[in-house]
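Spelled out, the chains give:
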Amino acid sequence: MVATTILLVCLAGVIGATVYIAVYPKIGERFTEFYILGPSGKAYGYATNLTLGESGTVIIGVVNHEYERISYKIVVTLDNETIATIENARVEG
């Protein structure tokens, strides 16, 4: 009888803990991931040194791990002059 009661109390505790973990999951570290890839989608092969008039292609990636909606602004500059801007790039988290 005592063993059955202890077993039922332990079972209720395990079920309660499982429900709590399912309802209130732990939120991990919050961060934003930025990366640059070459034209082939690999982490190499992107232009690092261009001469005047020469063009290059890169892929810029932004991954939201903030667990909420975030607005990002990407600004590309050359010799302290803005040459491209992407504003309100919304990434779901």
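Cut-offs and rules
- Residues numbered from 1 in each chain as written.
- Predicted model: local features only at pLDDT ≥ 70, side-chain atom pairs only at ≥ 80, totals over all residues.
- Heavy atoms only, no water.
- Helix = DSSP H or I, 4+ residues; strand = E, 2+ residues; numbered from the N terminus.
- Buried < 20%, exposed > 50% of the residue type's maximum accessible area, 1.4 Å probe, protein only.
- Contact = heavy atoms within 4.5 Å.
- Lys, Arg positive; Asp, Glu negative; His and termini not counted.
- Charge placed at Lys NZ, Arg CZ, Asp CG, Glu CD.
- 1 Å grid on protein atoms, 1.4 Å probe; cavity = no way out; pocket = protein on both sides within 12 Å on 5 of 7 lines; lining within 4 Å.
- Points joined across faces, edges and corners; volume = space filled by probe spheres on them.
- Nonpolar A, V, L, I, M, F, W, Y, C, P; charged D, E, K, R; others polar.
- pLDDT = per-residue confidence, 0-100.
- Salt bridge = Lys/Arg side-chain N within 4 Å of Asp/Glu carboxyl O.
- Polar contact = N/O pair within 3.5 Å; in protein donor to acceptor, adjacent residues only side chain to side chain.
- Phe/Tyr/Trp six-rings, centres within 6.5 Å; stacked < 30°, edge-to-face > 60°.

Colleague: How would you explain the overall build of the protein if you had to name every residue and give the values?
Modeller: Assigned secondary structure in the protein consists of one helix and four strands. Along the protein, helices and strands appear, N-terminal first, in the series α-β-β-β-β. Overall, the C-alpha framework of the protein stretches about 85 × 25 × 15 Å when taken along its three principal axes. Within the span of the protein, comprising 93 residues, buried residues form 9% of the whole. Put simply, 39% of the contacts in the protein that link residues at least 6 apart link residues at least 24 apart. Side chains of the protein carry 6 positive and 9 negative charges; the gap between the two charge centres is 10 Å.

Colleague: Which residues make up the layout of surface pockets, and what are the values?
Modeller: If you add up the space inside the largest pocket, you get close to 590 Å³. Leu50, Val58, Val76, Thr77 and Ile83 are the residues nearest the centre of the largest pocket, which is lined by 25 residues in total. Looking at the lining of the largest pocket, the elements that each hand over two or more residues are strand E1 (31-37), strand E3 (70-78) and strand E4 (81-91). Classifying every residue of the lining of the largest pocket by side-chain character gives 15 nonpolar, eight polar and two charged.

Colleague: Please provide a residue-by-residue account of the confidence of the model for the protein, values included.
Modeller: It should be kept in mind that the predicted coordinates are not to be read in detail where pLDDT is low. Residues at a pLDDT of 70 or more form 94% of the protein, whose mean pLDDT is 85. By mean pLDDT, the top-scoring element of the protein is E1 (91), and the lowest-scoring one is E4 (77).

Colleague: Hey, could you go over the pattern of salt bridges for me, with residue numbers and the actual values?
Modeller: Scanning all chains against the criterion turns up one salt bridge. The partner of glutamate 68 in a salt bridge is arginine 30, with the nearest N and O atoms 3.4 Å apart. Residue glutamate 68 is found in the loop between strand E2 (59-65) and E3, and its partner arginine 30 is found in the loop between helix H1 (2-23) and E1; the two are separated by 38 residues along the sequence.

Colleague: So what about the side chain of asparagine 64? Which residues, and what values?
Modeller: Note that asparagine 64 resides in strand E2. On the accessibility criterion, asparagine 64 (8% relative accessible area) is buried. Only 2.6 Å separates the side chain of asparagine 64 from the backbone nitrogen of glutamate 66, close enough to count as a polar contact. In terms of polar contacts, asparagine 64 uses its side chain to reach the backbone carbonyl oxygen of glutamate 68, at 2.8 Å.

Colleague: Describe the packing of aromatic side chains, with residues and values.
Modeller: The geometry of an aromatic ring pair is captured by the separation of the ring centres together with the interplanar angle, meaning the angle of the planes. Within this structure, the stated rule accounts for two aromatic pairs. Where tyrosine 20 meets tyrosine 24, the ring centres are 5.2 Å apart and the plane angle is 45 degrees; that geometry is what we call tilted. With respect to burial, tyrosine 20 and tyrosine 24 carry one shared label: exposed. Centre to centre, the rings of phenylalanine 34 and tyrosine 72 are 6.0 Å apart; their planes meet at 90 degrees, and the pair counts as edge-to-face. Residue phenylalanine 34 is located in strand E1, and its partner tyrosine 72 is located in strand E3; the two are separated by 38 residues in the primary sequence. By relative accessible area, which is 54% here, phenylalanine 34 ends up exposed. Residue classification places tyrosine 72 among the buried positions, given a relative accessible area of 10%.

Colleague: I'd like a rundown of the side chain of glutamate 66, residues and numbers included.
Modeller: Note on placement: glutamate 66 falls in the loop between E2 and E3. Buried glutamate 66, no salt bridge; nearest opposite-charge side chain is arginine 30, N-O distance 5.6 Å.

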